[in-house]
Number of protein chains: 2
Amino acid sequence: MKNKVERDIPDDILKQSDSQIFRGVDYGQPTIQRVAPKVKATTGQNKILDSVDEVVTQTVRDGMTISFHHHFREGDYVFNKIMRSIIDHGYKNLTLAPSSLTNVMNDIVVEAIQKGVVTDITSSGMRGSLGDAVSHGILKNPVIFRSHGNRARAIESGDIKIDVAFLGVPNTDDMGNANGMNGVAAFGSLGYALIDAQYAHTLVLITDNIKPYPNTPASIKQTQVDYIVQVDEVGNPDKIGSGATRFTKDPKELKIAKTVNDVIVNSEYFKNGFSFQTGSGGAALAVTRFLRTAMIEKNIKAAFALGGITKPTVDLLNEGLVAKVMDVQDFDKGAAESMKDNPYQQEIDASWYADPANKGAMVDKLDVAILSALEIDTKFNVNVMSGSDGIIRGAIGGHQDAAMAKLTIISAPLVRGRIATIVPEVTTVITPGDSIDVIVTEVGIAINPKRQDLMAQLKNVPGLPLYTIEALQEKAAKIVGTPKPLQFTDRVVAVAEYRDGTLIDVIKQVK
Amino acid sequence: MKNKVERDIPDDILKQSDSQIFRGVDYGQPTIQRVAPKVKATTGQNKILDSVDEVVTQTVRDGMTISFHHHFREGDYVFNKIMRSIIDHGYKNLTLAPSSLTNVMNDIVVEAIQKGVVTDITSSGMRGSLGDAVSHGILKNPVIFRSHGNRARAIESGDIKIDVAFLGVPNTDDMGNANGMNGVAAFGSLGYALIDAQYAHTLVLITDNIKPYPNTPASIKQTQVDYIVQVDEVGNPDKIGSGATRFTKDPKELKIAKTVNDVIVNSEYFKNGFSFQTGSGGAALAVTRFLRTAMIEKNIKAAFALGGITKPTVDLLNEGLVAKVMDVQDFDKGAAESMKDNPYQQEIDASWYADPANKGAMVDKLDVAILSALEIDTKFNVNVMSGSDGIIRGAIGGHQDAAMAKLTIISAPLVRGRIATIVPEVTTVITPGDSIDVIVTEVGIAINPKRQDLMAQLKNVPGLPLYTIEALQEKAAKIVGTPKPLQFTDRVVAVAEYRDGTLIDVIKQVK
């Protein structure tokens, strides 16, 4: 059955997943009965267990859904410790439901799949050896990819039922009052994990830092925690933050960043009280820097910055150029450390950040979002999940969510090496073109034709070459030629949900 | 059927309330399926309605359960505004489920009952004209009195299903991000109301102060809020705080306070890292002052102070004598204002404070609690609900909850005017004697015989006359004589639950 973005969703997949096809970006105003956990009263019980093995055997059973967060990113030591124990104890048929999977988790997940420990996965994304193995059909059932906001929605509505959440924290007391802000392995906001803490039937904290009771501020509360286990180290502080803390010196990236800035400042949204999400990476930091200069020049102040937060964004807060910073995650040590002390930096959970099925998410109020892409097609559909070889190597993250912004800008080079970024048809549709407004490349920009208003605002800006998306695609094709079509089998190895839980695309096994 | 404290709970009441009789203070470790609200997704919808009438007619229907908080105490303007509109619109058969009812609410509730608007009430307590009317049988069904912790339990488990919560806040933005800390009518912690915010199907904020988006810190989050209505004033700042901000000069109260302090400092619990809850009122403030001196003299520091917080407790925090202050409510402006700025003052919700059916409440960790009483009997049972005339004139508050402390001290005069405080049998059992350790009066103390350990610690303390509870009761009887037994009809006008939801006593209609 073909959905709104012309992708064919096989009937057996629709049936198996009990889902509907994607019908458009407008969610409407449905009323949803939330679910709630079973809670075991544990008045006065000692929550601290002696070892990872003890907590695993106490909590995990065959067939369960277990979850993790990815706030430690590439510095995560928790996931491997727990999965090692789970594999060694021979559990079977588990569903893995982390907020995302980072590269340090790849090998052990592949092992768990090979041994029948894990048969189902839902995640924001995957890369490396795991993405490769899944693309080659290693997993029993299709992976379900969900955005950060959609994961919150799925947990709240019962689409994901977490039996046991294993959450690593850089501090807790002996009852489970914990935050992400203090300790050697601090990472700042616990945004994604707060949903697990609220909805998991059983919650296990893994920490290397037990503090005197009561530990505050308590982002995770003792009322939510069943067990605590202490380990030597929960994470590698050097790898928790993203590498990029300085803006890029790559001339192409700088050109794109400057053009993104030109689009923003010449749009109607660049005015006092506007809001933005920039993301991480060298180019995003460069955009933040250009934006800072423009805000000072035009005496414009932002109401809030949203999303994964970086140090340069916090600098804007400290300069008074941004009134509030809303952190669902922090991408570097500077942002994490500032959140601890700055009352104008608010930790927000994934539902508040981006869930379409609540009483209002922050992305609904977002003016400007700058997002990346692996591929963009001439319908403005964006792929952030599969490579040009058809292999899974990405993550939805907050892409679909932040694209709800009034001005959603995709910042991407026209080509990457011998691979076109702007293509006739993306390999996998993750974010529908209907929610994308402007594509910025190093040669110029393309505006979604449904945004004639933006067209009017931007068409006469000096130094802002305006193309049709088809023209940009042709430019790219001229540079790199037309690749051979990808070869897939008929077997679906992963499905991508839109943020409302409908199916926007499927990913098939590579030949 | 007689319960553990020998109170006869009529069979029809048990059946009607689908409850069990009180069987003891030990809650065990049951697993409870929590409930969850129905949530209407409201992406992008304007939440601000024009008037109280508009929001009432938009949300209230006959037979619903509606809730309020009592954080504005005697300065509350919200309850009357909403109830006026509800009465004037002629709604029927509502259940009123506020966190408590203060005196400013009495007359309008009586009117609502008389007009058939309200047929059921659950509350922490009631006083004045309302308590009098209920005691005389005005309400259709028995009131259910619940402690603050039990109310959280009842909401979480579905015993109370809130259709619409009307929560007054001293600030919010246009999406519903709100806290109790800023604004003219600031009251500090929103502790009791946070449960309503999480579980009500529909949440209405009433405010006199709409702030720029996003308003932080957000104790109540936009994800929880359906409607917002702006009024001129939500509360009278002069009446929000309790009157008592100075310690008493009454010699009898001072004597009791000093004796309470002697009990604490000579017990095993007075050591580094201890914790306490003192409550409000002049005598409690005096205890705090004596305790301060003792802590300085013996170089002892407390890990936390809990409960309704007062300025003198915050002073201990600022002096470094207390490491953390955990606020479920703030009794005066000093405590409320400090919470805004002091990172060591943590807002906690009623579940975290005292719910027995979660994964650990703060009262489970409490060393010392000082509580008051209207009556105490020779089995150490405490009445804080009905007067010696049988009329309802009190509130459970956190009494049953804080009595979980390792050392629970009841501070009370032997007699009040011509009325004995220590009696052969209390009019209404609210807190079972099994959870009470020491009674302190102006003539001396009585220790619960089950606490032989405390007896050993306190029996040789100079100036701490030790009596049996029977001896204290006889002393009281000698002063005031033996009153005539109260006359009640057979009709039950209210039931008192223990904190676990079982029935500990009933209150009958007065003759």
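Everything numeric in this text was worked out from a predicted model, so none of it was measured.

Draft legend 1. Geometry of the overall build of chain A. Check the secondary structure of chain A and you find 16 helices and 28 strands. Against the 2.2 N^0.38 benchmark of 24 Å for 511 residues, chain A shows a C-alpha radius of gyration of 22 Å, consistent with a compact globule. By principal-axis analysis of the C-alpha atoms, chain A measures approximately 70 × 55 × 45 Å. Long-range pairs, those at least 24 residues apart, make up 73% of the contacts in chain A between residues at least 6 apart in sequence. Accessible surface for chain A amounts to roughly 17900 Å². Of this, 49% is attributable to carbon and sulfur atoms.

Draft legend 2. How the structure looks around the sheet that holds strand β23 (residues 422–423) of chain B. All names here are of chain B. Taking strand neighbours across the sheet as the criterion, the three strands line up as β18-β17-β23 in an open arrangement whose pairing is mixed. Every other strand in the sheet has two partners, leaving β18 (382–383) and β23 as the edge strands with one partner each. Where strand β17 (residues 375–377) meets β23, two bridges bridge the pair, whose relative direction is parallel. Its bridge partner being in β23, Ile376 is matched across the sheet by Ile422.

Draft legend 3. Main features of the interface of chain A and chain B. Contacts between the two partners involve 57 residues from chain A, matched on the other side by 57 residues from chain B. On the chain A side of the contact with chain B, Gln29, Val39 and Lys359 of chain A bury the most area, a combined 18% of that side's loss. In this structure, the connection of chain A to chain B is made through four salt bridges. A salt bridge links Lys359 of chain B to Asp226 of chain A; the shortest N-O distance between them is 2.5 Å. Elements represented by at least two residues in the side of chain A that touches chain B include exactly β1 (31–33), β2 (38–40), β10 (202–207), β13 (302–309), β14 (322–330) and α13 (350–354) of chain A.

Draft legend 4. How the structure looks around the relation of the copies chain A and chain B. The two copies are related by a screw operation: chain A maps onto chain B through 180° of rotation and 0.0 Å of translation along the axis, at an RMSD of 0.0 Å. What the superposition gives is, in effect, a two-fold axis relating one chain to the other. Relative to the rotation axis, the closest C-alpha in chain A is found at Ala36 of chain A, a distance of 2.7 Å. A symmetric contact is evident, with 100% of the interface residues of chain A recurring at the interface of chain B.

Draft legend 5. Inspection of the confidence of the model for chain A at higher detail. Within chain A, residue pLDDT values average 96, and 99% of them lie at 70 or more. Model confidence for the complex: the whole-complex pTM is 0.97, and ipTM, which rates the interface, is 0.96.

Draft legend 6. Helix α11 (residues 311–318) of chain B, seen in detail. All names here are of chain B. Considered for burial, the residues of α11 that qualify are Pro312, Thr313, Val314, Leu316 and Leu317. Considering only its buried residues, α11 is in contact with β12 (274–277), α10 (282–298), β13 (302–309), β14 (322–330), α12 (333–341) and β15 (345–347). Downstream of α11 by a residue or two, Gly320 has a phi angle that is positive, lying close to 80°.

Draft legend 7. Structural detail: the packing of helix α9 (residues 251–265) of chain A against helix α10 (residues 282–298) of chain A. Residue and element names in this part refer to chain A. Contact geometry for α9 and α10: axes closest at 8 Å, N-to-C directions at 45°. Classified by the angle their axes make, α9 and α10 are oblique. In this structure, α9 crosses over α10, and the sense of that crossing is right-handed. On the side of α9, the interface is formed by Glu253, Leu254, Ala257, Lys258, Val260, Asn261, Ile264 and Val265, while α10 contributes Ala283, Ala286, Val287, Phe290, Leu291 and Ala294. Its residues assigned to classes, the contact of α9 with α10 comprises 11 nonpolar, one polar and two charged.

Draft legend 8. Region of the structure containing the packing of aromatic side chains. One pass over the full model with this rule turns up 14 aromatic pairs over all chains. Plain terms: the ring middles of Phe270 of chain A and Phe274 of chain A are 5.4 Å apart, the flat faces sit at 75° to each other, and that makes the pair edge-to-face. Accessibility assignment for this pair places Phe270 of chain A and Phe274 of chain A in one class, buried. Aromatic rings pair up to connect Phe68, Phe79 and Phe166 of chain A into one cluster. Its end group placed over the ring of Tyr213 of chain B, Lys365 of chain A keeps NZ or CZ at 4.8 Å from the ring centre.

Draft legend 9. Representation of the sheet that holds strand β6 (residues 118–123) of chain B. Residues and elements named next belong to chain B. Here 10 strands make up an open sheet; going across it, the order is β3-β11-β10-β9-β4-β5-β6-β8-β27-β28 and the pairing mixed. Where the open sheet ends on each side, the last strands, each with one partner, are β3 (48–49) and β28 (503–510). In this structure, β3 lies alongside strand β11 (residues 227–230), joined through two bridges in parallel fashion. Looking at β11, one finds that Ile48 is bridged to Ile228.

Analysis parameters
Residues numbered from 1 in each chain as written. Chains lettered and ligands numbered in written order. Predicted model: local features only at pLDDT ≥ 70, side-chain atom pairs only at ≥ 80, totals over all residues. Heavy atoms only, no water. Helix = DSSP H or I, 4+ residues; strand = E, 2+ residues; numbered from the N terminus. Rg over C-alpha atoms; globule rule 2.2 N^0.38 Å. Contact = heavy atoms within 4.5 Å. Areas by Shrake-Rupley, 256 points an atom, 1.4 Å probe, with all protein chains shown as cover. Pairing = 2+ DSSP bridges. Buried area = accessible area lost by both parts, 1.4 Å probe. Salt bridge = Lys/Arg side-chain N within 4 Å of Asp/Glu carboxyl O. Least-squares fit on C-alpha atoms with pLDDT ≥ 70 in both. pLDDT = per-residue confidence, 0-100. Buried < 20%, exposed > 50% of the residue type's maximum accessible area, 1.4 Å probe, protein only. Axes fitted to C-alpha atoms, helices over the stretch in contact; angles between N-to-C directions. Parallel < 35°, antiparallel > 145°, perpendicular 65-115°, else oblique. Left-handed = near helix turned anticlockwise from the far one by under 90°. Nonpolar A, V, L, I, M, F, W, Y, C, P; charged D, E, K, R; others polar. Phe/Tyr/Trp six-rings, centres within 6.5 Å; stacked < 30°, edge-to-face > 60°. Lys NZ or Arg CZ within 6 Å of the ring centre and 35° of its normal.

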